[in-house]
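Here is what each chain is made of, one letter per residue.
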Amino acid sequence: MDFTIEKNRFTNIAADVIVLKNEELEVHVTSLGCTIVSIFTKDKFGHKGDVVLGFDQMDTYTRQDKYLGAIVGRCAGRIKGAKFSLHDQTYTLAKNNGENTLHGGFEGFNTKVFDYEMLPNGICFHYVSKDLEEGYPGNLHVSITYILDGSKLIAQYDAVCDQDSVVNITNHTYFNLAGKGTVLNHELQVQSDEILCSDEDCCANGIPMDVSDTPFDFRIPKTIGKDIEVKHEQLIIGGGYDHFYLFNQQDKAVVLKDPSSGRILEVSTNQVGCQIYSANFLDGTLEGKKRWYFDRREALCIETQAAPNAIHTEKEPTTILKKGEPYQAITIFEFKTEKEVRS
Ligand code: GAL
């Protein structure tokens, strides 16, 4: 793997852009929020193109609240009521999404400049989130590692805390395998029999719903657009897909395919599920790379993680990280083309 470090691509903030490159992949990441700015992969004709949404200007990253490409934490997703109790103590979080907290609060990991070190085949970012930062207990030491391995981008999130706390880290990359237009004609497969329902605030309420005979069934691949406008209560609440899928299998749990470019993304993870988000809140106002104004449904986020809002909905919440115990989440994003899959 080759790498270059750009100190000055973005001028208004002291964050670097690091370009990681091998034969198959070119990944641009910035130390602001460990954000993935670009991923270049080959299409079925062998042409390289950028398959993620991002910005040319760093100040757009700092102004937007759509989490493009960023690591989100401490706790991904919404926590109902922006508070939780742990060991009889109530912790008050930032209300940055109505009455709820979202993706770590106003100053979540996406807003932090991480230190980093280069590895032979990737990069490792470090950050210490201080006790009570955004309301969460304990000093949390976080490492975010991105590794290039052939056509795989391996993302590993490690953390350890000096008190019991709540942790659920994910990456919020918006994929568009065609590099333009909506993703409604991308084909999606999700190895999942159940989603968690959302309440009227889009908070996961912990109630599972069998996907059979609903627009949420992606066990057999279908286009994202096929059923997205069906008048299903859960689709109306989300304004589209914005739900937590519980995986039946973690290997190739999610497969996304763009027929026009022949690009395929296979996602494998050690996490129990993922938030599938069809970019329903993009509205054409954010100016992205190459003057592309990102519109509704012009990407899909595949946010592998533990169940959002688990602290309120699970008897023994899987998002509690015990003092001194290691947190480790791994997700592999493997890029292929139709041609390779067929041969
Ligand atoms: C997603 C979340 C959406 C929206 C988005 C950021 O993870 O599920 O509801 O908040 O992040 O714009």
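The rules behind these values
- Residues numbered from 1 in each chain as written.
- Predicted model: local features only at pLDDT ≥ 70, side-chain atom pairs only at ≥ 80, totals over all residues.
- Heavy atoms only, no water.
- Core = buried A, V, L, I, M, F, W, Y, C linked by side-chain atoms within 4.5 Å.
- Buried < 20%, exposed > 50% of the residue type's maximum accessible area, 1.4 Å probe, protein only.
- Contact = heavy atoms within 4.5 Å.
- Helix = DSSP H or I, 4+ residues; strand = E, 2+ residues; numbered from the N terminus.
- Pairing = 2+ DSSP bridges.
- Axes fitted to C-alpha atoms, helices over the stretch in contact; angles between N-to-C directions.
- Near = heavy atom within 4 Å.
- Polar contact = N/O pair within 3.5 Å; in protein donor to acceptor, adjacent residues only side chain to side chain.
- Areas by Shrake-Rupley, 256 points an atom, 1.4 Å probe, with all protein chains shown as cover.
- 1 Å grid on protein atoms, 1.4 Å probe; cavity = no way out; pocket = protein on both sides within 12 Å on 5 of 7 lines; lining within 4 Å.
- Sits in = over half its atoms within 2 Å of the grid points.
- Nonpolar A, V, L, I, M, F, W, Y, C, P; charged D, E, K, R; others polar.
- Patch = residues over 30% accessible without salt bridge, like charges linked within 9 Å, V, L, I, M, F, W, Y side chains within 5 Å.
- Salt bridge = Lys/Arg side-chain N within 4 Å of Asp/Glu carboxyl O.
- Phe/Tyr/Trp six-rings, centres within 6.5 Å; stacked < 30°, edge-to-face > 60°.

S.K.: I tried to follow the nonpolar core on my own but got confused; where do I start?
M.R.: Inside soluble globular proteins, nonpolar side chains tend to come together where they are buried. Among the nonpolar cores identified, the biggest contains 59 residues, and Ile 39, Ile 144, Tyr 146, Leu 153, Val 254, Ile 276 and Ile 302 are the most heavily contacted of them. What Ile 302 contacts, discounting residues up to four positions off in sequence, is Asn 171, Thr 173, Phe 175, Val 254, Leu 256, Leu 265, Val 267, Cys 274, Gln 275 and Ile 276. With 19 residues, the next largest nonpolar core counts Val 17, Leu 32, Met 58 and Trp 292 among its residues.

S.K.: Explanation requested: the pairing of strand 2 (residues 17-21) in the structure shown.
M.R.: For a regular strand, side-chain orientation follows a simple rule: the groups alternate between the two sheet faces. With respect to burial, strand 2 is a largely interior element, four of its five residues being buried. Bridging between strand 2 and strand 3 (residues 26-30) involves five bridges; their strand directions are antiparallel. Across the sheet, Val 17 pairs through a bridge with Thr 30, a residue of strand 3. Count of turn residues in the strand 2/strand 3 antiparallel hairpin: four residues.

S.K.: What is the right way to look at the sheet that holds strand 3 in this model?
M.R.: One key point about sheets: their strands pair by backbone hydrogen bonds, in either a parallel or an antiparallel sense. Here we have five strands laid out as an open sheet, ordered 1-2-3-4-5, and antiparallel in their pairing. Each edge of the open sheet carries a strand with a single partner, namely strand 1 (2-6) and strand 5 (48-50). Here the strands of the sheet are splayed against their neighbours by 15° on average, with no regard to which way each runs.

S.K.: Help me out: how do you make sense of the site of the ligand in this one?
M.R.: Among the 13 residues in the neighbourhood of the ligand, the closest are listed as Arg 78, His 103, His 172, Asp 242 and Glu 303. Note that an oxygen atom of the ligand is positioned 2.5 Å from one of the side-chain N or O atoms of Asp 242. In the environment of the ligand, an oxygen atom lies 3.4 Å from a nitrogen or oxygen atom belonging to the side chain of Gln 275. Notes on the ligand: free accessible area 310 Å², of which the protein chains cover 96%. For the ligand, the cavity whose grid points lie within 2 Å of the majority of its atoms is the largest pocket. Classifying every residue of the shell around the ligand gives five nonpolar, three polar and five charged.

S.K.: How do you make sense of the side chain of Thr 331 when you look at a structure like this?
M.R.: Tracing the backbone through its elements, the reader meets Thr 331 in strand 30 (residues 327-337). A distance of 2.7 Å separates a polar atom in the side chain of Thr 331 from a polar atom in the side chain of Thr 304. Those residues within four positions of Thr 331 in sequence are excluded, and the remaining contacts are Leu 153, Ile 154, Ala 155, Val 267, Ser 268, Thr 269 and Thr 304.

S.K.: What am I meant to see in a nonpolar patch on the surface here?
M.R.: A cluster of nonpolar side chains, contributed by Met 1, Phe 3 and Ile 5, occupies part of the molecular surface with about 240 Å² of accessible area. Relative to the helices and strands, Phe 3 is located in strand 1.

S.K.: Which parts of the structure should I look at to understand the packing of aromatic side chains?
M.R.: A ring pair, where both rings are aromatic, is described by two values, the distance of the centres and the angle of the planes. If you walk through the whole model with that rule in mind, you get 17 aromatic pairs. Where Phe 84 meets Tyr 136, the ring centres are 6.1 Å apart and the plane angle is 35°; that geometry is what we call tilted. Of the two residues, Phe 84 is situated in strand 8 (residues 83-86) and Tyr 136 in the loop between strand 12 (122-129) and strand 13 (140-149); the sequence distance between them amounts to 52 residues. On the numbers, 6.2 Å between centres and 75° between planes, the contact of Phe 125 with Tyr 146 is edge-to-face. Here Phe 125, found in strand 12, pairs with Tyr 146, found in strand 13; they are 21 residues apart in sequence, far enough to count as distant. The burial state of Phe 125 is the same as that of Tyr 146; both residues are buried.

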